[in-house]
Every structure is written in structure tokens, then in C-alpha cells.
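As a plain string of letters, each chain reads:
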Amino acid sequence: QQQVKQSPQSLIVQKGGISIINCAYENTAFDYFPWYQQFPGKGPALLIAIRPDVSEKKEGRFTISFNKSAKQFSLHIMDSQPGDSATYFCAASTWAGNMLTFGGGTRLMVKP
Amino acid sequence: DTEVTQTPKHLVMGMTNKKSLKCEQHMGHRAMYWYKQKAKKPPELMFVYSYEKLSINESVPSRFSPECPNSSLLNLHLHALQPEDSALYLCASSDRLGKLFFGSGTQLSVL
């Protein structure tokens, strides 16, 4: 059972545009929602994370929006750059378990 | 030092070989993990060590044998692997806030 569903699977955005990736979860016990960025040949790197006590978190060009009632969260990349081209994974966990459930991933390509 | 270091970066082995993957972190993290990642898929959890003790084994076949010699080191011993075991093997550690730090992985090919 896939507990975190991520969409779209792939995304092409023009340089300077906004990239939006969405995730939906089922387990209401999840209370930690990170996003990871992975470049080819590298391990995933933590990009930004949110806990359900806030509806939005912004770090530079990256923003997480969180909707607890809809059990959805999304990553917005403002002013997308070619260097942002990578695979993005959303994830979720319960603090007690510290084990992440990953979404299926989104391959983002930012065209110059 | 905020790195998780994995060696080797690439490994090719036959189905009868025995090899080991190594992972090291000096961030003082007491939880360490092995993940397996197939191409275009998310990482899949294999093992979790907490305070140097195996706490989670996600029904991984016995041809994969983890070892945690001390709080900074994590090994994955490989024996009699199958071609379908070819994947990127990722080591990770987590801090007390639950943030997961991944290494760059070992790209394993089983012939």
C-alpha cells in the first residue's frame, strides 16, 4: 500500500517559472513531511521540511504548503533554474518511528 | 563534518562473490540506515540500527548482512547476490530531530 502519492511523475518548466509538485498521504499519524532533492549518481539531500503545526514554510526559493484537512502537501520552487533539474521526493514519517515513507518521485527538468 | 561517506562508489561482483559496503559518519548520530534504490524509484528501507543495535530489518534476504562495529561505522556484507540485487545502496544517518542525511551511495552491479 503506497501511503504517500506524489504527482506529477515528471515536470518540465521554463527557466524563471514556478515548479509545483504535490503529495498526498493517508496515515494521519504522520507528523513530519520532508522533501528531498536527488541528482544523478548522488544520494537524496534534505531540501526543506515541515511539521503539521504550520501551513507554510519558506526557505529561499523553496516553499512547502501544507493542508492538514486534505492530507496534502506541496513543494513550490520559485524562479526555477536549470540547476534545479533533479528528482524530488516527498516523504512522511511519524516521529516515534523515524522511518520515512517516500513518494514515488518527480523528475524535474528546467529548460534554459 | 556533515557528511555520510560511503565506499566504494561503484562495485561489480559475481553471484558467488563476497563483498562489503562501508559507511561512516562523524556527526554523532546514533541511528544509521541502509536503503536500496532502483533506477527511477524512491529509496526502500532495508535496515535500521539504533545505538549500534539492529532495530529494524525490513524482511531483507539473508544474503544481505548488516553490521555496526561502532557508532560511526556501518557495513553491509554481501554474499551470493542475484542480478536483481543490482541497485544503488544508500547509507544514511539521522539526528535527534529526525533529519536524515544520506551518503552518495554505492552503485552495485551483480553479474
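Chemist: Help me out: how do you make sense of the nonpolar core in this one?
Modeler: Across soluble globular proteins, nonpolar side chains have a tendency to be buried as a group. Residues Phe33, Trp35, Phe73, Leu75 and Tyr88 of chain A are the most contacted members of the largest nonpolar core, which totals 24 residues. Mapped onto this core, the elements with two or more residues apiece are β2 (10-14), β3 (19-25), β4 (33-38), β5 (45-50), β7 (62-67), β8 (72-77), β9 (86-92) and β11 (106-111) of chain A. Per element, the largest residue contribution to this core is 4 residues, and it comes from β9 of chain A. When near neighbours in sequence (up to four residues on either side) are disregarded, phenylalanine 73 of chain A contacts Ile21, Asn22, Cys23, Tyr25, Phe33, Trp35, Ser65, Phe66, Cys90 and Ala91 of chain A. Leu21, Val60, Ala87 and Val110 of chain B belong to the second largest nonpolar core, which has 22 residues in total.

Chemist: Honestly, the sheet that holds strand β1 (residues 4-7) of chain A in this entry has me stumped. Any pointers?
Modeler: Adjacent strands of a sheet pair through backbone hydrogen bonds, lying either parallel or antiparallel. All names here are of chain A. A sheet is described by the order of its strands in space; here 5 strands give the open sequence β1-β3-β8-β7-β6, paired in antiparallel fashion. Both edges of this open sheet fall to β1 and β6 (56-59), since each of them pairs with a single strand only. Here the strands of the sheet are splayed against their neighbours by 15° on average, with no regard to which way each runs. Sheet analysis places β6 next to β7, joined by 4 bridges and oriented antiparallel. Its bridge partner being in β7, glutamate 56 is matched across the sheet by serine 65.

Chemist: In this structure, what is going on with the interface of chain A and chain B? I would like to understand it.
Modeler: The extent of an interface is frequently quoted as the accessible surface area lost upon association of the parts. Taken together, the 18 residues of chain A in the interface contact 22 residues of chain B. The junction of chain A with chain B conceals about 1,500 Å² of combined surface from both sides, 58% of it contributed by carbon and sulfur atoms. Remark: the boundary between chain A and chain B carries 0 salt bridges. Considering only residue class, the side of chain A that touches chain B consists of 9 nonpolar, 6 polar and 3 charged.

Chemist: What's the story with the pattern of salt bridges in this structure? I'm lost.
Modeler: For side chains of opposite charge, pairing can occur when their charged atoms come near one another. Counting across every chain of the model gives 4 salt bridges over all chains. Across the salt bridge formed by lysine 57 of chain A and glutamate 59 of chain A, the nearest N and O atoms sit 3.7 Å from each other. Among the salt bridges present, the one from glutamate 52 of chain B reaches arginine 30 of chain B, with a minimum N-O distance of 2.8 Å. With glutamate 52 of chain B in the loop between β5 (44-50) and β6 (53-57) and arginine 30 of chain B in the loop between β3 (18-25) and β4 (31-37), this residue pair connects regions lying 22 residues apart in the sequence.

Chemist: How do you make sense of the pairing of strand β8 (residues 73-79) of chain B when you look at a structure like this?
Modeler: For a regular strand, side-chain orientation follows a simple rule: the groups alternate between the two sheet faces. Residue and element names in this part refer to chain B. In the sheet, β3 pairs with β8 via 7 bridges, with the strands oriented antiparallel. Bridge assignment links lysine 22 to a residue of β8, and that residue is asparagine 75. Counted along the chain from strand β7 (residues 64-70) to the antiparallel partner β8, the turn is 2 residues long.

Chemist: For this particular structure, what's the right way to read the environment of threonine 94 of chain A?
Modeler: Residues and elements named next belong to chain A. Within the secondary structure, threonine 94 sits in the loop between β9 and β10 (101-102). Exposure remark for threonine 94: the relative accessible area of 23% places this residue in the partly exposed category. As for threonine 94 and isoleucine 18, which are separated by 76 residues in sequence, their C-alpha atoms are 30 Å apart. Sequence-distant contacts of threonine 94, that is, excluding residues within four places in its chain, are made with Ala29, Phe30 and Asp31.

About the criteria used
- Once a new chain begins, its residue numbering starts again from 1 and follows that chain's sequence as written.
- Here the convention is simple: chains get letters from A, ligands get numbers from 1, in the order in which they are written.
- The predicted nature of this model means local features are confined to residues of pLDDT at least 70 and side-chain atom pairs, given and counted, to a pLDDT of 80 or more, with totals for whole chains, interfaces and linings taken over all residues.
- For the side-chain quantities, the full set of heavy atoms in the structure was used; hydrogens and water were omitted.
- Definition used in this section: a nonpolar core is a set of buried Ala, Val, Leu, Ile, Met, Phe, Trp, Tyr and Cys residues joined via side-chain atoms within 4.5 Å.
- Partly exposed residues are those whose accessible area sits between 20% and 50% of the maximum for their type, while under 20% is buried and over 50% is exposed, using a 1.4 Å probe and protein chains only.
- Runs of E in the DSSP output that reach at least two residues are strands. Runs of H or I that reach at least four are helices, and both are numbered from the N terminus.
- Only heavy atoms matter for contacts: two residues are in contact if any of them lie within 4.5 Å across the pair.
- Each pair of strands is called paired provided DSSP finds at least two bridges between the two strands.
- A fitted line through C-alpha atoms serves as each axis, taken over the contacting stretch for helices, and the angle formed by two N-to-C directions is quoted from 0 to 180°.
- Defined here as a combined quantity, buried area equals the accessible surface (1.4 Å probe) lost by two parts on assembly, summed across both.
- Think of a salt bridge as a Lys or Arg side-chain nitrogen and an Asp or Glu carboxyl oxygen that are within 4 Å of each other.
- All amino acids are sorted into three groups, where Ala, Val, Leu, Ile, Met, Phe, Trp, Tyr, Cys and Pro are nonpolar, Asp, Glu, Lys and Arg are charged, and the leftover types, Gly among them, are polar.

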